[in-house]
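Residue-level listing of the chains:
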Amino acid sequence: MSDEHTIELTVNGVARTLTVPPNLALLDALRDRCGLTGAKECCAVGECGACTVSVDGRIVNSCLMLAVEADGAEVTTVEGLSTNGELSPLQQAFLDRGAVQCGFCIPGMVMSAQAVLDRNPRPSTEEVREGLSGNLCRCAGYNRMFEAMLATEGPGEGEAIGHRAHAPATDAAAGAQEDAVAHGPAEVSA
Ligand code: FES
Ligand code: FES
């Protein structure tokens, strides 16, 4: 007798029906069943935030949530932030400010950052820091991430922190960074 469960959820606006074992993490369901590999598994114990996604508007560590708990939920992953291949303003700000190094943390960072901006379109620096406090970057590129978030404020605010051009050194580097903010980087060993 199978103990698998059939769940129905909406992922990035697309209705999905999945048959999953009761112990399958939402992260694995998204990556392995839905083909959405933006969210990353790094620590798998809720410490790093690399697996951050939105469930019914609430930011969660998807490595700690069971897929069956997302039955009926609206889930958004980093892939769901872009529209027809066009980066969201926040994703573009990360790219423009060179806030991406290896890219492994970026999908989770962007999801947490977007949640802050959704709550308050003009967050303070403290709110920005607090909002990203659950996301770890082993490349330690936090300042540029904070800049990117603040630059996504209303018109004119970006000037206040300066429009610094941190252009990637090569076209290949630019392409890799764009992929990282849109989908997460190519898989790398953690
Ligand atoms: S992989 Fe989920 S918090 Fe680290
Ligand atoms: S950019 Fe490398 S871990 Fe954050």
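Conventions we followed
Residues numbered from 1 in each chain as written. Chains lettered and ligands numbered in written order. Predicted model: local features only at pLDDT ≥ 70, side-chain atom pairs only at ≥ 80, totals over all residues. UniProt positions renumbered as here; feature names shortened; annotations may be inferred. Pairing = 2+ DSSP bridges. Helix = DSSP H or I, 4+ residues; strand = E, 2+ residues; numbered from the N terminus. Contact = placed C-beta atoms within 7 Å. Axes fitted to C-alpha atoms, helices over the stretch in contact; angles between N-to-C directions. Expected span 1.5 Å × (residues − 1). Buried ≥ 20, exposed ≤ 12 C-beta atoms within 10 Å, placed from the backbone.

The name given to the protein chain in an unreviewed UniProt entry is (2Fe-2S)-binding protein, with the source organism recorded as Georgenia yuyongxinii. Annotation of the protein chain in UniProt includes, under Pathway (unreviewed entry), the sentence "Alkaloid degradation; nicotine degradation."

Participant: Quick one: what's the story with the pairing of strand E2 (residues 14–20), residue by residue and with numbers?
Facilitator: Bridge analysis of strand E1 (residues 5–11) against E2 gives seven bridges, and the strand direction is antiparallel. Bridge pairing in E2 links Glu8 to Thr17. Taken together, E1 and the strand that follows it, E2, pair antiparallel across an intervening segment of two residues, in which Asn12 is found at a positive phi of about 55°.

Participant: How would you sum up the environment of Ala25? Please name residues and give values.
Facilitator: Considering the arrangement of structural elements, one finds Ala25 in the loop between E2 and helix H1 (26–33). Separated by 19 residues in sequence, Ala25 and Ala44 place their C-alpha atoms 9.7 Å apart. Not counting chain neighbours up to four residues away, the residues in contact with Ala25 comprise Ser62, Cys63, Met65, Leu66 and Ala67.

Participant: Explain the sheet that holds E1 to me, using residue names and the numbers behind them.
Facilitator: The strand order E2-E1-E5-E3-E4 describes an open sheet built from five strands, whose pairing is mixed. Taken across any chain shown, the strands that pair with only one partner, and hence form the sheet edges, are E2 and strand E4 (58–61). Taking the axes of each pair of neighbouring strands and ignoring which way they run, one obtains an average angle of 40° across the sheet. In this structure, strand E3 (residues 52–55) lies alongside E4, joined through four bridges in antiparallel fashion. The partner of Ser54 across the bridge, within E4, is Ile59.

Participant: Summarise helix H3 (residues 106–119); cite the residues concerned and give the values.
Facilitator: Because each turn of an α-helix spans 3.6 residues, side chains separated by three or four positions end up pointing in the same direction. Taking 1.5 Å per residue, 14 residues should reach 20 Å; H3 reaches 20 Å between its end C-alpha atoms and fits that length. With 10 of 14 residues buried, H3 is to be regarded as a mostly interior element. Taken as a whole, H3 has its buried residues at Ile106, Pro107, Gly108, Met109, Val110, Met111, Ser112, Ala113, Gln114 and Val116.

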